[in-house]
Amino acid sequence: MRGLRACLVCSLVKSFDQFETDGCENCEDFLRMKNNKDNVYDHTSNNFDGIVALTTPTDSWVAKWQRLARFTRGIYAISVSGTLPQSTLRDMKNRGIVYKSRDRSQR
């Protein structure tokens, strides 16, 4: 899992280059990582635990348990450590997007 990063909002796992090339399939509208290295560093973390592969998120109990049922197919981290910039949190709030941390390490 070396070289992989997880989105701090949805926990999608991809390489740094994949985030920079394609952005995050679930969060690109407001995280704007595509073609922006700084945003990739700000909105992803290489510190995550566990992974789960989702092929049919809407039918998966694991997707419901992990709050991933509305996201695209892919590989997701079970827990992601890191914090979003305050500017991103404000932008999400202004857009009506509720942010719930994916960090389970403190539980």
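Above: the structure in question.
Computed from a prediction, not measured in an experiment: that's the story for all the values here.

Caption draft 1: Focus on the pattern of salt bridges. For the structure shown, the criterion picks out four salt bridges. Across the pair K37 and E20 runs a salt bridge, and its minimum N-O distance is 3.9 Å. Residue K37 is located in helix α3 (residues 37–43), and its partner E20 is located in helix α1 (residues 16–22); the two are separated by 17 residues in the primary sequence. Several salt bridges converge on common partners, so that one network encompasses R32, D91 and R95.

Caption draft 2: Structural detail: the sheet that holds strand β2 (residues 13–15). With respect to topology, three strands assemble into an open sheet ordered β2-β1-β3, the strand pairing being antiparallel. Since the sheet does not close on itself, it has two edges, and those belong to β2 and β3 (44–45), each with one partner. Pairing of strand β1 (residues 4–7) with β3, which is carried by two bridges, proceeds in the antiparallel orientation. Residue pairing in the sheet places C7 in a bridge with T44 of β3.

Caption draft 3: Structural view of the nonpolar core. Among the nonpolar cores identified, the biggest contains 27 residues, and C7, V9, C10, C24, C27 and Y76 are the most heavily contacted of them. Taken together, the elements giving at least two residues each to this core come down to β1, α1, α2 (28–31), β4 (48–54), α4 (61–65) and β5 (74–80). In this view, V9 contacts C27, F30, L31, L84, M92, Y99 and R102; residues no more than four positions away in its chain are not counted.

Caption draft 4: Inspection of the layout of surface pockets at higher detail. Of the pockets and cavities examined, the largest pocket occupies roughly 200 Å³. Lining the largest pocket we find 14 residues, and of these V9, R70, F71, V98 and R102 sit closest to its centre. Taken together, the residues of the lining of the largest pocket sort by class into nine nonpolar, one polar and four charged.

Caption draft 5: Structural detail: the environment of N47. Residue placement: N47 occurs in the loop between β3 and β4. Sequence spacing of N47 and L89 is 42 residues, and the spatial spacing of their C-alpha atoms is 20 Å. Leaving out residues up to four positions away in the same chain, N47 has contacts with V80 and S81.

Rules of the game
- Residues numbered from 1 in each chain as written.
- Predicted model: local features only at pLDDT ≥ 70, side-chain atom pairs only at ≥ 80, totals over all residues.
- Heavy atoms only, no water.
- Salt bridge = Lys/Arg side-chain N within 4 Å of Asp/Glu carboxyl O.
- Helix = DSSP H or I, 4+ residues; strand = E, 2+ residues; numbered from the N terminus.
- Pairing = 2+ DSSP bridges.
- Core = buried A, V, L, I, M, F, W, Y, C linked by side-chain atoms within 4.5 Å.
- Buried < 20%, exposed > 50% of the residue type's maximum accessible area, 1.4 Å probe, protein only.
- Contact = heavy atoms within 4.5 Å.
- 1 Å grid on protein atoms, 1.4 Å probe; cavity = no way out; pocket = protein on both sides within 12 Å on 5 of 7 lines; lining within 4 Å.
- Points joined across faces, edges and corners; volume = space filled by probe spheres on them.
- Nonpolar A, V, L, I, M, F, W, Y, C, P; charged D, E, K, R; others polar.

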